[in-house]
Amino acid sequence: MSIVLAALDTAAAARPVLETALRIGQLTGADVEAVHVRRGRLESIETPELLAARSKVPFRLLEGPVEPALLAALGAPDVLAAVIGARATPGGRRPVGRTARHILEHANKPIVITPPDAIVPSSFRRILVPLEGTEASSRPVLEGLWPLLVADVELVVLHVFTDVTLPAMLDRPEYDLEIWGREFLTRHLPHTTHIELRPGPVAKQVAEVSGEHGADLVVLSWSQDSSAGRAHVVWEVLGTSSVPVLLLPVTPVEIEDPVKASSP
């Protein structure tokens, strides 16, 4: 049995977190468990406990500090992934709160970040998979995503090219890129028939294509390196996305060019 953890706090944003966890459970065939880290014995747990009861999912109370408690729960062998709230408004100065950022930097399992104002549908039917324009950096996303999915979903594949990643030797750029896109799908996603090819910047195109196609979920990989100048695409997408974002951790070895470690 696999479990998706829904990390609930006592704020109104706990509802979209739990709803997202239920949708991720549908996608992955996993059960959902709600957890809350109590900051003190006088803290009321009525909100997360009631939400869990209404959704008929188990509720487990953890004792703080928050970050170590959540990481310990996430480290259990039967836990597949976790869903946590951004605790920040899309477009704000900080894309995620301190706790969410700490979990992202230290967890070795997929984490879904849910915006506080997300409107979660009854099921996730369309997933946006942005891929940076090289096969080496795209492979970890594809290899990490497919083993998780058991439900039928439509994938919207987005390849964003920058000046650095644009394929060389394009005699007829528009026509040759179309051929390149078809060949990429044949190699990696043979059951997918459509790929969006867009010029950068990456985060802007992710937001635009997500809205155009009505994506329910965005999937990115990242190297868990948030030092200066790194992971800017991840933070920008988290800061602008109005839908949940699934982050797949990848090791530096999986990304051949370290300059591209911050790109999806």
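(A) A look at the overall build of the protein chain. Of the regular secondary structure elements, the protein chain holds 8 helices and 10 strands. Burial analysis of the protein chain (264 residues in total) assigns 52% to the buried set. Taking the contacts inside the protein chain whose residues are at least 6 apart along the sequence as the reference set, 78% of them involve residues at least 24 apart.

(B) Focus on the packing of aromatic side chains. Under the counting rule described, the total for this entry stands at 1 aromatic pair. Ring plane angle 70 degrees and centroid distance 5.5 Å describe the contact between Trp222 and Trp235, whose orientation is recorded as edge-to-face. With Trp222 in strand 9 (residues 217-222) and Trp235 in helix 8 (residues 232-240), this residue pair connects regions lying 13 residues apart in the sequence.

(C) Just the nonpolar core, in detail. In this structure, Ile111, Ile113 and Leu238 are the most contacted members of the largest nonpolar core, which totals 43 residues. Apart from the residues lying within four places of it in its own chain, the contact partners of Ile111 are Leu74, Ala82, Ile84, Ile103, Leu104, Val245, Leu246 and Leu247. Ala14, Ile24, Val120 and Leu148 belong to the second largest nonpolar core, which has 35 residues in total.

(D) Highlighting helix 7 (residues 202-213). A rise of 1.5 Å per residue sets the reference length of helix 7, with its 12 residues, at 16 Å; its end C-alpha atoms lie 16 Å apart and thus fit the reference within 8%. Phi turns positive, to about 65 degrees, at Gly214, one or two residues after helix 7.

(E) Seen up close, the packing of helix 7 against helix 8. For the pair helix 7 and helix 8, the least separation of the axes is 9 Å and the interaxial angle reads 35 degrees. Between helix 7 and helix 8 the crossing geometry is right-handed. Taken together, the residues of helix 8 that come into contact with helix 7 (itself represented by Val202, Ala203, Val206 and Ala207) are Val233, Glu236, Val237 and Thr240. Looking at the contact of helix 7 with helix 8 residue by residue, the classes come out as 6 nonpolar, 1 polar and 1 charged.

Rules of the game
Sequence positions are assigned chain by chain, starting from 1 and proceeding in written order. At least 70 in pLDDT is required for a residue's local features to be given in this predicted model, at least 80 for side-chain atom pairs to be given and counted, and no such filter applies to totals for whole chains, interfaces and linings, which use all residues. As a rule here, side-chain values cover all heavy atoms of the structure and leave hydrogens and water aside. Secondary structure is summarised from DSSP: a helix means a run of H or I of at least four residues, a strand means a run of E of at least two, and numbering begins at the N terminus for each. Classification of residues uses two cut-offs on accessible area relative to the type maximum, computed with a 1.4 Å probe and protein chains only: under 20% is buried, over 50% is exposed, and between them is partly exposed. Here, residues are in contact when the closest pair of their heavy atoms is within 4.5 Å. The pairing test for Phe, Tyr and Trp rings, Trp by its six-membered ring, is centres within 6.5 Å, and the orientation test on the planes gives stacked under 30 degrees, edge-to-face over 60, and tilted for anything in between. We call a set of buried Ala, Val, Leu, Ile, Met, Phe, Trp, Tyr and Cys residues a nonpolar core when their side-chain atoms join them within 4.5 Å. For a helix, the expected span equals 1.5 Å multiplied by the number of residues minus one. Under this scheme, a helix contributes an axis fitted over its contacting stretch, all axes are lines through C-alpha atoms, and angles between N-to-C directions fall in the 0 to 180 degree range. Take the far helix as the reference: if the near one is turned anticlockwise from it by less than a right angle, the crossing is left-handed, and if turned clockwise, right-handed. Think of it as three bins: nonpolar holds Ala, Val, Leu, Ile, Met, Phe, Trp, Tyr, Cys and Pro, charged holds Asp, Glu, Lys and Arg, and polar takes everything else, Gly as well.

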